[in-house]
Amino acid sequence: MLMMPTVLMLMVMTSTACGGHLQTPCWCRDTMKRFRRTPDSQRDRIKQELFQFSKTVEHGFPHQPSALGHSSSLQLLAIGTRSGAIKLYGAPGVEFMGLHDENAAVTQVHFLPHQVELVTLLDDNSLHMWTLKGHKGVSELLEIGRFVLTGPPGALPSVTRITAVLAHSSGELLLLGTEGGHVFVVEVPGFRELEERNISLEQVTSRVPDNYIGRRNLEHVEALQENPADANQVVIGYGRGVLVVWDLKKHSLLQCICPSQALESVWWTEDGGCILSSHTDGSYCRWTVGETDGNEEKSDIPYGTFPCKAISKIMQLPTAEGPPFLLFSGGMPRASYGDRHCITVIHGKSHVALDFTSRIIDFFVIREGPHHKGDPSALVVLVEEELVVIDLQAEGWPVVQTPYLVPLHSSAITCSHHVSAIPLKLWERISAAGALQSTHYSKKLWPIRGGQNLAPDPPQRDLLLTGHEDGTVRFWDASGVCLSPVYKLSTAAVFHTDADPNDNMNHSTEGEWPPFRKVGCFDPYSDDPRLGIQKIHLCKYSGYLTVAGTAGQIMVLELNDEAAEQTVEAQVVDLLQGQEGFRWKGHTQLDVREDPVQFPPGFQPFTLVQCQPPAVVTALILHSEWKLVAFGTSHGFGLFDYQQKKNVLVKCTLNPSDQLAMEGPLSRVKSIKKSLRQSFRRIRRSRVSLRKHHVNSSAKLQEANARLEAELAEMELAPVQRKIEARSSDDSFTGLVRVLYFADTFLTDSSHNTPSLWAGTNGGCVFAYILHLPTMEHRGEELITAQPAKEIQLMHRAPVVGVVVLDGHGTPLPEPLEVAHDLARSPDMHGSHHLLVVSEEQFKVFTLPKVSAKTKLKLTAIDGSRVRKVGVAWFGSNRTEDYGESGLLVLTNQGDVHAISVPHIKMQVQHPCIRREDVSGIASCVFTKHGQGFYLISPSEFERFSLSTRCLVEPRCLVEVPILKDNSNQRRPQLDGPSSAHLSTCENEDPESSARRVMEHALLNDENVLLEIQKSLEGDQMYVLENNVRNAAV
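Parameters and conventions
Along every chain, residues carry numbers that run from 1 in the direction the sequence is written. Totals for whole chains, interfaces and linings use all residues, but because this is a predicted model, local features are given only for residues with pLDDT of at least 70 and pairs of side-chain atoms are given and counted only at 80 or more. Based on all heavy atoms of the structure, the side-chain values leave hydrogens and waters out of the count. UniProt positions are given in the numbering used here, feature names are shortened, and annotations may be inferred rather than shown by experiment. By the criteria applied, helices consist of DSSP H or I runs no shorter than four residues and strands consist of E runs no shorter than two, each listed in order from the N terminus. Partly exposed residues are those whose accessible area sits between 20% and 50% of the maximum for their type, while under 20% is buried and over 50% is exposed, using a 1.4 Å probe and protein chains only. Surface accessibility in these figures is a Shrake-Rupley result with a 1.4 Å probe; residues are shielded only by whichever protein chains are displayed. Strands pair, by our definition, only if DSSP identifies at least two bridges between them. One less than the number of residues in a helix, times 1.5 Å, gives the span that helix is expected to have. What the arc measures is the spread of directions leading from the helix axis to the C-beta atoms. Here a residue-residue contact requires only that any non-hydrogen atoms of the pair lie within 4.5 Å. Working convention: axes come from line fits to C-alpha atoms, limited for helices to the stretch in contact. Angles between N-to-C directions cover 0 to 180 degrees.

By the naming in an unreviewed UniProt entry, the protein goes by LLGL scribble cell polarity complex component 2 and is assigned to Oryzias sinensis. Recorded in UniProt under Subcellular location (unreviewed entry), the annotation for the protein is "Cytoplasm".

Given below as structure tokens:
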């Protein structure tokens, strides 16, 4: 039987080839069928019920926003990005996303009035039409048209380069201003150019005074605005400053205004009697519409006579009682405040310069009342790093807290931790502490309320915790589509930092001019990089939280509903254990405050452990039932009893060759230098070795160097189908602790289970310690002791990234206190336990307590991948509520996500998830306990994905077409002239035209109606066909 594969191979090789194809004899095929593995259809069906990969939603703030749009009728806002994405947001949970095929930035976004369509302009000069189309009860954002403006033959590209877009209130016209000074009129949604309605530069130039034009032309079209009181009139603003009031109905110029400064923006007041223009010198002017003589330039420079920056956008909105609101961006004195990003709001005697921390993209104002023509309600500002909403009706104009689009990167994210199924009591306590931090926000409801959120309520409460560079930990509600802020913890108060506690940038000085007020929460600057949070672990049952930082600090915190003043004492743990010959070259530790510190309600630290050397904490775990916290760095690991505040165990894992481990992450020695240094050393050693062996041939030397370079490239790129190779013990950071794990299992014999601590290192070593815990009665007096039990050295020395103990049923052990709260079954302690060790290159199962290898899965040998992240998850069936399986979620350096079964360690499914080039995205990935995951697609956005068929969090929302009531103020304007048939109002249509309009609307928005129309048309065609056949027969 052992020779059978060879025999079969010979049989195939001896078959004859005919016609260029290999033909296998029938007797050979019959023999091979007996050895062919039959597919397990039953298992395949179960896989389909358990596993399904999908990317569901993006959380956070869009990366590199470039355009902002708003629809007052739909109550939606749209954000375009430099990567070509378009995102729509309405009420919390109402989100849509589209992506242009072109890799070009979105420069402008415009909604068509009273419709569900919008138009985007890209920097490649293409226009795109999008619509929200109904499909299976929900709306989808779809691209339905693309248009590129074409000029006359031989025209320069500047003639058709679009610089300004006006979506006409009729909803059927786009006015496109170009770099060449022309205005093209395009009919939508079909993107049909109406050449007879175009406004050429020559038509305008002929009416502009000769003494104003001189030797310069009018330049590009900078702005287009419609007269709110007369839809037939538009104002065209040219870059040089000329303003032209044009009548679309008569196709003639009504008024020409000639400012002395270059133009930035135009605003037409609501009564139609005045035009405001803002200019590059920081001034704005008011012009009376209709005056041809005596219309003098009435200029105003809000911030003094010194040179000022340009006012890039201006608007004036009336109020029912009192003066109007005047809002503009820019205009700051260039020398003193030229680096500020400000929007000025003036209302009567109230004057505030809102100071943002990043560049302003655009802004708009939401108005109250019927048809959104009432008093200004909220100012919505899109800046480069966040979205800020200001309540214009509350005293002091406070900020409205955003339920989504929160800047996750207000300080750079350094780590993340997900906790599923938070108990209601803990959730309420954390939420209450977070509410106390939000008292400075406005009480106004979120003003953008468009669409309906049809997604079901989340089945459980989930938290996503993010650690940040400034020493804060932020708690986010990750239960649904919106990633909403819940609570923020700051650890900086425990230490002495360079920040002045009295330095509050949010309060302006009395009498300061301009009257600045800091707004927004984006603050990328850290007082001290050593404060950065590197590891987080929260016990949802006890309310204990532990966080670890960049300078070797480990804090244990307890949730307290009341404010408290207390001193936090540091316990120093020497991980080197007095070893000689090592000198720490990295950063120093943080200085702990000796005086009592006032802590607000929420998580309050009561224990601090300081590692020596103060290296980055690389592993952290908390066992709240045993009152123990374990931590690891590149030098070793320790175990601390936070109830008695005493050290239990210290183990140094530092290898004598790990000199780089003594340099610290903040030193200037970078990994690329290390790689180059190691490469040169290996090349030098190879040459010395060749000399020793008297190999003087240059050809052989080149061959050895080429082989060495191939080996180095192989180590970096991990090509497909390479073998697992043993790693040298001289590699750097072999003592770095990658994983820590608590387990109550069998280590001494198969009849007595004991608490244990497991630690895995970068050098493929696993340490196991037995923990001797006193009884509950004597827990406060007797000491906990740790005894070395096992030590496993993996053959290939691959870094250990995961350790899991499986009970007698092959199920991973439950979390601490999970069984006590009746949320998990007690582990099977009668059958034999197994140890699953996950390294970067393979999964290996050992029996306990003997620690003998049982089975393994070599992931690297299959596809050249290396494991980067691993987590235990429960996959529930989408067909049967009471069926599910435990498994492993695995992310590789190729960006693939795998599901692996336990205890048999078999590959179930594999899906590409993250680009292999996205190293930071792979490093940031975190798994949930129910088959989902999060990873950073940009510094400010999390991508959420799921490998489970049961647990899906995705937006399901519906946006309906706004109903236009028969109101004289809300009728579509009637434009006469050419193509007036396309612009007629609804009330003047005959029944047939009205029916056709309804049918067109249904074709674009309702799939069911579309099907009915299709059936009707098919019936009409059959009727005509039957008549034709009958007539032919006659």
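For this particular structure, what's the right way to read the overall build of the protein?
Each helix and strand in the protein was counted, giving 14 helices and 64 strands. Put simply, the protein has 1034 residues, and 52% of those count as buried. Put simply, the protein shows about 49,400 Å² of open surface, and 51% of that area lies on carbon and sulfur atoms.

Looking at this model, I keep getting lost on unusual backbone geometry. Mind explaining?
Glycine aside, negative phi is the norm for most residues, and most peptide bonds take the trans geometry. Between Val188 and the following residue, Pro189, the backbone shows a cis peptide bond with an omega angle of 10°. Mapping Pro189 onto the fold places it in the loop between β14 (183–187) and β15 (192–193). With an omega dihedral of 10°, the bond running from Leu848 to Pro849 counts as a cis peptide bond. Mapping Pro849 onto the fold places it in the loop between β55 (842–847) and β56 (853–858). If you check the backbone angles, Lys136 has positive phi at about 55° while not being a glycine. In this fold, Lys136 is placed in the loop between β10 (126–135) and β11 (138–148). Even without being glycine, Val851 reaches a positive phi, approximately 55°. Within the element layout of this structure, Val851 appears in the loop between β55 and β56.

What am I meant to see in the pairing of strand β32 (residues 413–419) here?
Side chains on a regular strand alternate between the two faces of the sheet. Counting buried positions over the seven residues of β32 gives five, a clear majority of the element. Relative to strand β34 (residues 463–468), β32 is paired through six bridges, and the arrangement is antiparallel. Each bridged residue has a counterpart across the sheet, and for Ser416 the counterpart in β34 is Thr466.

Explain helix α8 (residues 424–436) to me, please; I cannot follow it from the model alone.
Quick reminder: α-helices carry 3.6 residues per turn. Residues three or four places apart thus point the same way. With 13 residues, α8 should reach 18 Å at 1.5 Å per residue; the first-to-last C-alpha distance of 19 Å fits that figure. Turning to α8, its buried residues are Leu426, Trp427, Ile430, Ala433 and Gly434. Seen from one end, α8 has its buried residues packed into an arc of 130°, which puts them on one side. Residues Lys425 and Leu436 are exposed on α8 and point more than 90 degrees away from its buried face. Of the surrounding secondary structure, the elements contacted by the buried residues of α8 are β34, β35 (472–477), β36 (484–490), β40 (553–560) and β44 (602–612).

What is the right way to read helix α3 (residues 41–50) from this model?
Buried residues of α3: Ile46, Lys47, Glu49 and Leu50, and no others. Along α3, the residues classed as buried sweep out an arc of 160° about the axis, all on the same side. Projecting away from the buried face of α3 at angles above 90 degrees are the exposed residues Ser41 and Gln48. Where α3 is buried, its residues meet β3 (51–60), β57 (867–876), β58 (884–892), β60 (906–912) and β63 (941–948).

How should the side chain of Thr81 be read in this particular structure?
Tracing the backbone through its elements, the reader meets Thr81 in strand β5 (residues 76–81). In this structure Thr81 comes out as buried when scored by relative accessible area, which is 2%.

Before we go on, may I ask you to explain the sheet that holds strand β18 (residues 243–247) in this structure?
The strands making up a sheet are joined through hydrogen bonds of the backbone, oriented either antiparallel or parallel. An order of β16-β17-β18-β19 is seen for the four strands of this open sheet, with the pairing classed as antiparallel. The open sheet has two edge strands with one neighbour each: β16 (221–227) and β19 (252–257). The sheet shows a mean angle of 20° between the axes of neighbouring strands, direction not considered.

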